[in-house]
Amino acid sequence: MQPRLPESAPDGATTGLPPADPVHPVDLSRVAADLAADAHDHAFRWDQDGGLPDSVRREVAASGLLAADLPRRYGGAGLDPLTLGEITARIGGECSALRGLLTVQGMVAAALLRWGTEAQRADWLPRLAAGELTAGFAATEQGAGSALGSVETRIEASGRPDHQELVVSGRKRWVTFGAVADVFLVLGTYEGKPAAVLVDADRAGVEREPVNGQLGMRGARIAHLSFDHVRVPRRQLVAPPGLGLSHVAGTALDHGRFTVAWGCVGMAEACVEDAATHAAVRRQGGIPLGDHQLVRSLLARAAVDAAGARELSRRAAEARALGPGHGVAETLMAKYAAASAAATGSRDAVQVLGSAGCAPDSRAGRHFRDAKVMEIIEGAQQVSELHIAERLLRRFGDAARGTGPAVGLRLPGESL
């Protein structure tokens, strides 16, 4: 059975899916606050030990926060984008690895919700929402980072007469929670076309190589993966060949950018809090550190950048609330701005904190390392600049040539 395709491309306005069921967000917001409070005390240890404990993953699974924006009919809470963003910011402000668990689960769930068959949705989504399965998104390769169109992983017919199996072969790198995931959404090529397939982690031929000691996201159980002629049912192919990158992976990455953006908002705001608190109470030579003009300049710039990132992320949430396919440009800009705010804000916070910012348990120091990773994942900053500029040139160029609508005052909610 082939997936029922939406009536529009990823940037379009409709997929034929009913909107998510509304839900009151108070309970999940409180759950997120409790998880964040616990992470405040333990995140530095998870970072040092190189892994989010399995007990914490089970706690998150039981909390209802995984894939919480899924409709209730698939086991989700039907969270609206803004509430999802606020929850992600709360958790991201304490621990990027914990936020990464929410992100990758949501990425795979979003791709299946939009592009999977009804049978795939009914089978996989409730288990992802309940946390019965931990998902991984296996896209990046040695020669395919930002250029995912260059992936070399092969998805082939098994050769069996009934044509009911596929064979997956290739290597993937830097898979978040790849060391412990139960299922991977794997990007590859099938008959020369981009394709995406679900691969169970316990199938013969799947090998994991845990990664430790990397710059950031040390608690995210990252792993490199090998798929050596792994056989999977053909029914686990998500969307027809040709749609694996632009549609399936594109939807996953768009969802990832949104939650990464909000996670970076939380990081940036946490760094402002830590730096401003230190500057207010720390005295040097009898003078409060915060009385120095240069320190105040660092604090002011960090606060403005964090506030700007929050507003761009809020704008993205409002655009995404209109339905699937909306808010792609706003999300790209939000992720770009928020990653930058987290990177510069954490750098300046460490500067203000001095030796305290370099301590093993420094939240700002950990965010400093994690923020550099945020500037790379789900689209590097430089690649994002190209996409943002391309949209600008197309919009204003079409208007100038008379081939597009006139460009006037931008209205609230109007796309770039």
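Scroll up for the structure.
Residues numbered from 1 in each chain as written. Predicted model: local features only at pLDDT ≥ 70, side-chain atom pairs only at ≥ 80, totals over all residues. Heavy atoms only, no water.

## Structural notes on the overall build of the protein
If you tally the helices and strands in the protein, you get ten helices and ten strands. Over its C-alpha atoms the protein spans a radius of gyration of 22 Å, differing by no more than 12% from the 22 Å that the globule rule assigns to 416 residues. With respect to the three principal axes, the spread of C-alpha positions in the protein is 85 × 60 × 45 Å. For the protein, with 416 residues in total, the buried portion stands at 53%. Taking the intrachain contacts of the protein between residues at least 6 apart in sequence as the baseline, contacts between residues at least 24 apart amount to 75%. (Helix = DSSP H or I, 4+ residues; strand = E, 2+ residues; numbered from the N terminus. Rg over C-alpha atoms; globule rule 2.2 N^0.38 Å. Buried < 20%, exposed > 50% of the residue type's maximum accessible area, 1.4 Å probe, protein only. Contact = heavy atoms within 4.5 Å.)

## A few points about the nonpolar core
With 85 residues, the main nonpolar core has F137 and L185 as its most contacted residues. For L185, the contacting residues outside a window of four places in its chain are V108, A111, G136, F137, A138, A196, V197, L198, V238 and V248. Ranked by size, the runner-up nonpolar core spans 20 residues in total, among them V175, A195, A201 and L225. (Core = buried A, V, L, I, M, F, W, Y, C linked by side-chain atoms within 4.5 Å.)

## Structural notes on the packing of helix α2 (residues 54-63) against helix α4 (residues 96-115)
The N-to-C vectors of α2 and α4 enclose an angle of 50°; their axes lie 12 Å apart at closest approach. In terms of orientation, α2 lies oblique with respect to α4. Between α2 and α4 lies a crossing of right-handed hand. Listed contacts from α4 to V56, R57 and V60 of α2 are L98, L101 and L102. Its residues placed into classes, the contact of α2 with α4 shows five nonpolar, no polar and one charged. (Axes fitted to C-alpha atoms, helices over the stretch in contact; angles between N-to-C directions. Parallel < 35°, antiparallel > 145°, perpendicular 65-115°, else oblique. Left-handed = near helix turned anticlockwise from the far one by under 90°. Nonpolar A, V, L, I, M, F, W, Y, C, P; charged D, E, K, R; others polar.)

## What to know about the side chain of E378
Relative to the assigned elements, E378 resides in the loop between α9 (363-374) and α10 (381-401). It is R99 that comes nearest to the buried, bridge-free E378 among opposite-charge side chains, at 5.9 Å. Sequence-distant contacts of E378, defined by excluding residues within four places in its chain, comprise T103, M107, L253, G256, R257, V260 and K335. (Lys, Arg positive; Asp, Glu negative; His and termini not counted. Salt bridge = Lys/Arg side-chain N within 4 Å of Asp/Glu carboxyl O.)

## What to know about the packing of helix α3 (residues 81-92) against helix α7 (residues 293-320)
For the pair α3 and α7, interaxial distance at closest approach is 8 Å and the crossing angle is 145°. Residues P81, L82, E86 and A89 of α3 form the contact with α7, whose participating residues are R310, R314, A317 and R320. Within the contact of α3 with α7, the residues separate by chemical class into four nonpolar, no polar and four charged.

## Things to note about α10
The end-to-end C-alpha separation of α10 is 30 Å, in line with the 30 Å expected for 21 residues at 1.5 Å each. Among the residues of α10, those classed as buried are Q381, S384, I388 and G397. Next to the buried residues of α10 lie α8 (328-353). (Expected span 1.5 Å × (residues − 1).)

## Some words on the pattern of salt bridges
Tallied over the full model, the rule gives 23 salt bridges. A salt bridge links R320 to D254; the shortest N-O distance between them is 2.9 Å. One end of the pair, R320, is in helix α7; the other, D254, is in helix α6 (residues 244-281), with 66 residues separating them in the sequence. Owing to a relative accessible area of 14%, R320 belongs among the buried residues under this scheme. With a shortest N-O distance of 3.5 Å, E390 and R394 are connected by a salt bridge. With a gap of four residues between them, E390 and R394 both fall in helix α10, about one helical turn apart. A relative accessible area of 44% places E390 in the partly exposed class. Using a relative accessible area of 41% as the deciding quantity, one classes R394 as partly exposed. Each of E86, E269, R310, E311 and R314 takes part in salt bridges that share partners, so that together they form one network.

## Some words on the packing of aromatic side chains
Both the distance between ring centres and the angle between the ring planes are used here to describe each pair of aromatic rings. If you walk through the whole model with that rule in mind, you get one aromatic pair. Aromatic pair F184 and F227: ring centres 6.2 Å apart, planes at 80°, arrangement edge-to-face. Here the residue F184 occupies a position in strand β4 (residues 183-190), and F227 occupies one in strand β7 (residues 223-233), the gap between them amounting to 43 residues. Accessibility expressed as a relative area gives 3% for F227, which makes it buried. The cationic tip of R127 hangs over the ring face of W124; the distance from NZ or CZ to the ring centre is 4.7 Å. The cationic tip of R395 hangs over the ring face of F396; the distance from NZ or CZ to the ring centre is 5.4 Å. (Phe/Tyr/Trp six-rings, centres within 6.5 Å; stacked < 30°, edge-to-face > 60°. Lys NZ or Arg CZ within 6 Å of the ring centre and 35° of its normal.)

## A word on α2
Of all the residues in α2, the buried ones are V56, R57, V60, A61 and S63. The buried residues of α2 all sit within an arc of 160° when viewed along its axis, so they share a single face. Opposite the packed face of α2, turned more than 90 degrees from it, sit the exposed residues R58 and A62. (Arc of directions from axis to C-beta.)

## Here we look at unusual backbone geometry
The backbone of F177 shows a phi angle near 60°, a positive value even though the residue is not glycine. On the secondary structure map, F177 appears in the loop between β3 (165-175) and β4. The phi torsion at E191 lies on the positive side, around 55°, for a residue other than glycine. Following the sequence through the fold, E191 ends up in the loop between β4 and β5 (193-200). Look at E191 and you get exposed, because its relative accessible area is 63%.

## So, the environment of M267
Relative to the elements of secondary structure, M267 occurs in helix α6. Classification of M267 by relative accessible area gives buried; the value is 1%. Note: C-alpha distance between M267 and I91 (176 residues apart in sequence) is 9.1 Å. Every residue in contact with M267, bar those within four places of it in the chain, is listed here: G92, G93, S96, A342, H367, D370, A371 and M374.

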